[in-house]
Amino acid sequence: MKTPKRMEPLVRDGLITEVIRPLKSGKEAEVYVVLSEGEIRCAKVYKEANKRGFHKQALYQEGRKVRNSRQARAMEKSTSYGRKQQEEAWQTAEVDALYRLAAVDVRVPRPYNFIEGVLLMELITDANGAAAPRLNDLELTPEQALEYHKILVTEVVKMLCTGIIHGDLSEYNILVDSHGPVIIDLPQAVDAAANNNAARMLERDVDNLAAYFGRFAPTLLTTQYGKEIWKLYESGSLHPDVELTGIFKSSTKKADVKSIMREINDVREEAMLRKERLNPTQPNPNKRPPD
């Protein structure tokens, strides 16, 4: 087939020998099956921002680091340079996440190279060597559903242990090869420690898994793995081999409102006293009278 324009530099540099066929077209990118360094791989060509259907990027990008303050200012002001840097950061987020996750044996496609908006990576295949199906395309037995759910919750835990949350996990971005589920599509990957929405996104990812697999194994519909995982993460107790129960008990302890208000008033009074020392001519309306 004709080489797409965005892949021409990789063909010229010898990183791609042949573009064999299109594999899929999604909201973020187009994926092709290619011959690269003697192997059948896939090339993910990211769409330009004005042609991409994925919205609410700011929600996912919160907390992501940039290389310098100039980039940060430009991205904040949305200058042409800033938009270019923001687009680059959006694309490289998936590349960085794939390298980090592959290094700790999370089941994701192995990345090989990333040049000018094109990501070369492993092609996930079935037992016959054909492109692996999406999870959504399979009909599962209750036993398979329970097995795949357990595998994926374990992968979510391993991801979180490296500080990464998928952010958009569902049956549509999970492939199934001869060894089981493989997680794909991570450009919206979330920094667990720096994003204020991290807990909600983790719970949504895990709830999506329970909802899908619960169609085949209804007992999963009442589990609360997301809340359990996040509580362990917040307490510093989460590790890749943690034993999960799917049960979460929220605290029933009532807040001591009077104690909290006393602390607030003490802090307010200390602030006023500091201000009074700096400006002795101004009276402190909150100052307590002498006993």
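This text follows the structure it describes.
**Observations regarding the packing of helix 6 (residues 198–213) against helix 7 (residues 225–235)**
Line of reasoning, step 1. The contact between helix 6 and helix 7 brings their axes to 8 Å, and the two run at 140°. Here helix 6 is positioned oblique relative to helix 7, judged by the angle of their axes. Seen from above, helix 6 lies across helix 7 with right-handed handedness. Contact residues: Ala198, Ala199, Leu202, Glu203 and Val206 in helix 6; Tyr225, Gly226, Lys227, Ile229 and Trp230 in helix 7.
Line of reasoning, step 2. Its residues assigned to classes, the contact of helix 6 with helix 7 comprises seven nonpolar, one polar and two charged.

**Things to note about the packing of aromatic side chains**
Line of reasoning, step 1. Evaluated as defined, the whole model comprises four aromatic pairs.
Line of reasoning, step 2. Each ring, one from Tyr212 and one from Phe213, has its centre 5.3 Å from the other, and the planes form 75°; the classification is edge-to-face. Accessibility classification places Tyr212 together with Phe213 in one group, the buried group.
Line of reasoning, step 3. Between Tyr212 and Phe216, the aromatic rings sit 5.6 Å apart at their centres with planes inclined by 70°, giving edge-to-face as the arrangement. Of the two residues, Tyr212 and Phe216, neither departs from the other in class, the shared state being buried.
Line of reasoning, step 4. Feature note: the residues Tyr212, Phe213 and Phe216 constitute an aromatic cluster, connected by ring pairs.

**Brief notes about the nonpolar core**
Soluble globular proteins tend to bury their nonpolar side chains together.
Line of reasoning, step 1. In this structure, Ile165, Phe213 and Ile229 are the most contacted members of the largest nonpolar core, which totals 49 residues.
Line of reasoning, step 2. Considering every element that reaches this core, the biggest residue donor is helix 5 (residues 142–161), with eight residues.
Line of reasoning, step 3. When sequence neighbours within four positions are dropped, the list of residues in contact with Ile229 reads Val153, Val157, Leu160, Leu202, Val206, Leu238 and Leu244.
Line of reasoning, step 4. Met7, Leu15, Ala43 and Val45 belong to the second-largest nonpolar core, a separate cluster that totals 11 residues.

**Re helix 5**
Line of reasoning, step 1. For helix 5, with 20 residues, the first-to-last C-alpha span of 29 Å sits near the 28 Å given by 1.5 Å per residue.
Line of reasoning, step 2. Among all positions in helix 5, only Ala145, Tyr148, His149, Leu152, Val153, Glu155, Val156, Val157, Lys158, Met159 and Leu160 are buried.
Line of reasoning, step 3. Just past helix 5, the residue Gly163 takes up positive phi, approximately 90°.

**So, the sheet that holds strand 5 (residues 118–122)**
Line of reasoning, step 1. If you walk across this open sheet you meet the five strands as 1-2-3-5-4, and the pairing is antiparallel. Among the strands making up the open sheet, the edge pair consists of strand 1 (18–25) and strand 4 (111–115). Between one strand axis and the next, the sheet turns through 25° on average, direction left out of account.
Line of reasoning, step 2. Relative to strand 5, strand 4 runs antiparallel, the two being bridged by four bridges. Across the sheet, Pro111 pairs through a bridge with Met121, a residue of strand 5.

Rules and cut-offs
Residues numbered from 1 in each chain as written. Predicted model: local features only at pLDDT ≥ 70, side-chain atom pairs only at ≥ 80, totals over all residues. Heavy atoms only, no water. Axes fitted to C-alpha atoms, helices over the stretch in contact; angles between N-to-C directions. Helix = DSSP H or I, 4+ residues; strand = E, 2+ residues; numbered from the N terminus. Parallel < 35°, antiparallel > 145°, perpendicular 65-115°, else oblique. Left-handed = near helix turned anticlockwise from the far one by under 90°. Contact = heavy atoms within 4.5 Å. Nonpolar A, V, L, I, M, F, W, Y, C, P; charged D, E, K, R; others polar. Phe/Tyr/Trp six-rings, centres within 6.5 Å; stacked < 30°, edge-to-face > 60°. Buried < 20%, exposed > 50% of the residue type's maximum accessible area, 1.4 Å probe, protein only. Core = buried A, V, L, I, M, F, W, Y, C linked by side-chain atoms within 4.5 Å. Expected span 1.5 Å × (residues − 1). Pairing = 2+ DSSP bridges.

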